[in-house]
Amino acid sequence: MELEGLKMSRSKSQKITVEQFISSMIPLIDMEKEAEISASLGLSSTRSLHASQKRGSSIFNLKCTDAQTGLMGKTLLEFQSNKGDVLPAHKESIVDIEGEATERLKHFILPWRSWRFLVLQFSTHDVVVLKPNKADQGSSSLGQGVVYRLKDSSITVAFDEIPEDGLNSPLRLEKVANEVTYRRMKDALIQLSKHKGPAVEMIPVLFGEKLPTTTKKIMQFSPFNKTLDHSQRDAISKALSSGNVFLLHGPPGTGKTTTIVEIILQEIKRGSKILACAASNIAVDNIVERLFPYRVRLVRLGHPARLLPQVLESALDAQVLRGDNNSLANDIRKEMKVLNEKMLKSKDRNTRRDIRKELRTLSKEERRRQQLAVIDVLKNADVILTTLTGAASHQLEKITFDLVIIDEAAQALEVACWVALLKGSRCMLAGDHLQLPPTIQSAEAEKMGLGRTLFERLANLYGEEVMSMLAVQYRMHELIMNWSSGEFYGGKIQAHSSVAEHKLWDLENVKRSSSTEPTLILVDTAGFEMEEKKDEEDSTMNEGEATIAIGHALRLVESGVQACDIGIITPYSAQVTYLKVLRGTEAKLKDVEISTVDGFQGREKEAIIISMVRSNVKKEVGFLTDHRRMNVAITRSRRQCCLVCDTETVSEDSFLKHLVEYFQEHGEYLSASEYGH
């Protein structure tokens, strides 16, 4: 079985010491940083600024059209193109704020492969630098900020401080790697090497030098959430009994976040101060939202531009502004707004210099008056939530925690986990090492061990001694679930009665038809000459499979399934792009979500269509051999999963062959001819 095989491949003899871990990670962090910088800029030593513009990692010929003091003390600068749009100078490029083709794509005159290079790659939360439009590639920037908002005709960036100069001249924005992340990981390794602080007793346990401790009696608790199932209750009891470390293994759809929230509530009840983290901002915000109804004293740490709007009121900055100094802070901010607008309009260099000096003075006064309020807010919080590297914030320097909780731990770099772990005496890691691992930019660093997670290492080191697996899932029809349960989880997962037999045609306004009746559908393209192709970036695509996937989505919509309830998943980015082009020609499918497998982890849809892409005479399946990727893809679906593939090619891999056979046995088998091929 997959789980046993993974355990066997990582023997306990592979224990690593603290010193070995630190010495191995430092060069790998540098390699990953360089790889991310290269990827984010889209540049090599031979590529020009024009190439970065073409690839969508730079936006040229911008003008600053608005400056606001807002976003909790940050400066918001809005930029528009001197040519009337924010795209590189190609009027044929028509994209929406997601960077996806709009309905107007039907009028598109360029081949899709050319269009692909013109689509903007900017998104909210990206770190960017602002430079004069004609500045050299390696020149210093006017300022660094975070993308806050994207519209059809503008891009808004949040800066901690307003750029010193140059806002009245043509500008450009460049996407950059967030080097702060790498510096914080290295700092954590330095702290780890000292073996001091609140985690001093936990460190040897996490490196296998000391055995984990637990209380001998089973911890009884009165749940806040009365709907918890037996496996969730057992996991919570074991977590509350842990003395050093606990692993919450959450297979797809088993209510991992529900369990985390209950553990947090129980620990608060016991008087614990908690640091709750995750690798991504979305995952952190998800926990914040789930804690809201329980009215706990929580603080969400992080740049406001990176937070979901619905959690902003819990942000540290927002809570400080609601404190005693709120009216004074508002007065200062109003004055700063007036000065910002005045500076933007002024063309006199001396006047702008004087205004900047006054702005710095006001900003310093605002920070001084809010510093004590920050301390009070954090001191009174029961739980502080942030990303892993956000735990290195200077605001947490002198705060220690009774428990550090890390969600998405099986997707987080171990070195990033240590940024948070060093602040507590106990830890709980939640995740699933049988789904996707961390995303690593550097293939060499991944090969050398950067991608091996702390969750996986501890699962192999201690196993069930410190781990509980959730066993009831609330997402999938049991036919979808049974394949994943059997291949990855020893057949231990059960479908809750509320989802075990639900069908697409149970949904409101959905007709029972040949398209909505089956739970599993296999569309076989073997023998129909739908061979894969490569795009300019050497990613793989399959136009025939894309046409079938879009065709099936159209059939579902015509049977009454809402487009927003349908997802199309594929392992290859080129296929994603081509699918989006086809979707743009069908107005009914505008709200169908299309993404890579990686982009769908943690998500779900009522119906999922999977295009496996690979079809070739050599029967090569590429990175489809990463079985965890297939586990994620199949388990995104709630009521129907449609698999589009060349069965002759993919069956060359024994694991994928079992998948095909499962769909053939338990689902409906169709050939590509059913979709007009």
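Everything discussed here concerns the structure shown above.
Presented here is a report on the structure given in the accompanying data block. (Residues numbered from 1 in each chain as written. Predicted model: local features only at pLDDT ≥ 70, side-chain atom pairs only at ≥ 80, totals over all residues. Heavy atoms only, no water.)

1. So, the pairing of strand β8 (residues 274-278)
Here β8 lies mainly inside the structure; five of its five residues are buried. Side chains Ile 274, Ala 276 and Ala 278 of β8 all project onto a buried face; the interleaved residues Leu 275 and Cys 277 project onto the opposite face, where all are buried too. Bridge count between β8 and strand β10 (residues 383-387): five bridges; the pairing is parallel. When the bridges of β10 are listed, Leu 275 appears paired with Ile 384. Bridge count between β8 and strand β11 (residues 403-407): five bridges; the pairing is parallel. Counterpart to Leu 275 in the pairing with β11 is Val 404. (Buried < 20%, exposed > 50% of the residue type's maximum accessible area, 1.4 Å probe, protein only. Helix = DSSP H or I, 4+ residues; strand = E, 2+ residues; numbered from the N terminus. Pairing = 2+ DSSP bridges.)

2. Points about the nonpolar core
Nonpolar side chains in soluble globular proteins tend to be buried together. Grouped together as the largest cluster of nonpolar side chains are 63 residues, with contacts concentrated most on Leu 192 and Leu 421. When residues in this core are grouped by element, the largest group, seven residues, is from helix α13 (residues 414-421). Those residues in contact with Leu 421 that sit more than four places away from it in its chain are Ala 199, Met 202, Leu 206, Val 404, Ile 406, Cys 427 and Leu 454. Of all hydrophobic cores here, the second largest spans 36 residues; its members include Ile 260, Ala 276, Val 383 and Ile 405. (Core = buried A, V, L, I, M, F, W, Y, C linked by side-chain atoms within 4.5 Å. Contact = heavy atoms within 4.5 Å.)

3. Thoughts on the packing of helix α16 (residues 478-488) against helix α22 (residues 654-666)
At their nearest, the axes of α16 and α22 sit 11 Å apart, and the two run at 150° to each other. Between α16 and α22, the angle is such that the two are roughly antiparallel. Between α16 and α22 the crossing geometry is right-handed. In this structure, α16 uses Glu 478, Leu 479, Asn 482, Trp 483, Glu 487 and Phe 488 to contact α22, whose residues at the interface are Phe 655, His 658, Leu 659, Tyr 662 and His 666. When its residues are assigned to classes, the contact of α16 with α22 shows six nonpolar, three polar and two charged. (Axes fitted to C-alpha atoms, helices over the stretch in contact; angles between N-to-C directions. Parallel < 35°, antiparallel > 145°, perpendicular 65-115°, else oblique. Left-handed = near helix turned anticlockwise from the far one by under 90°. Nonpolar A, V, L, I, M, F, W, Y, C, P; charged D, E, K, R; others polar.)

4. As for the pattern of salt bridges
A full pass over the atoms with the stated rule returns 26 salt bridges. With its nearest N and O atoms 3.9 Å apart, the salt bridge here joins Lys 33 to Glu 179. Note that Lys 33 is positioned in helix α2 (residues 18-41) and Glu 179 in helix α5 (residues 179-193), a separation of 146 residues in sequence. The class for Glu 179 is partly exposed, based on a relative accessible area of 42%. A salt bridge links Glu 604 to Arg 638; the shortest N-O distance between them is 3.4 Å. (Salt bridge = Lys/Arg side-chain N within 4 Å of Asp/Glu carboxyl O.)

5. A look at the packing of aromatic side chains
We describe a pair of aromatic rings using the distance from one ring centre to the other and the angle between the two ring planes. Here the structure, examined in full by the defined rule, presents eight aromatic pairs. Each ring, one from Phe 488 and one from Phe 655, has its centre 5.8 Å from the other, and the planes form 80°; the classification is edge-to-face. Within this pair, whereas Phe 488 is found in helix α16, its partner Phe 655 is found in helix α22, the two being separated by 167 residues in sequence. A residue is classified by how much of its surface remains accessible, and Phe 488, at 0% relative accessible area, is buried. Looking at Phe 655, the relative accessible area reads 4%, which means it is buried. (Phe/Tyr/Trp six-rings, centres within 6.5 Å; stacked < 30°, edge-to-face > 60°.)

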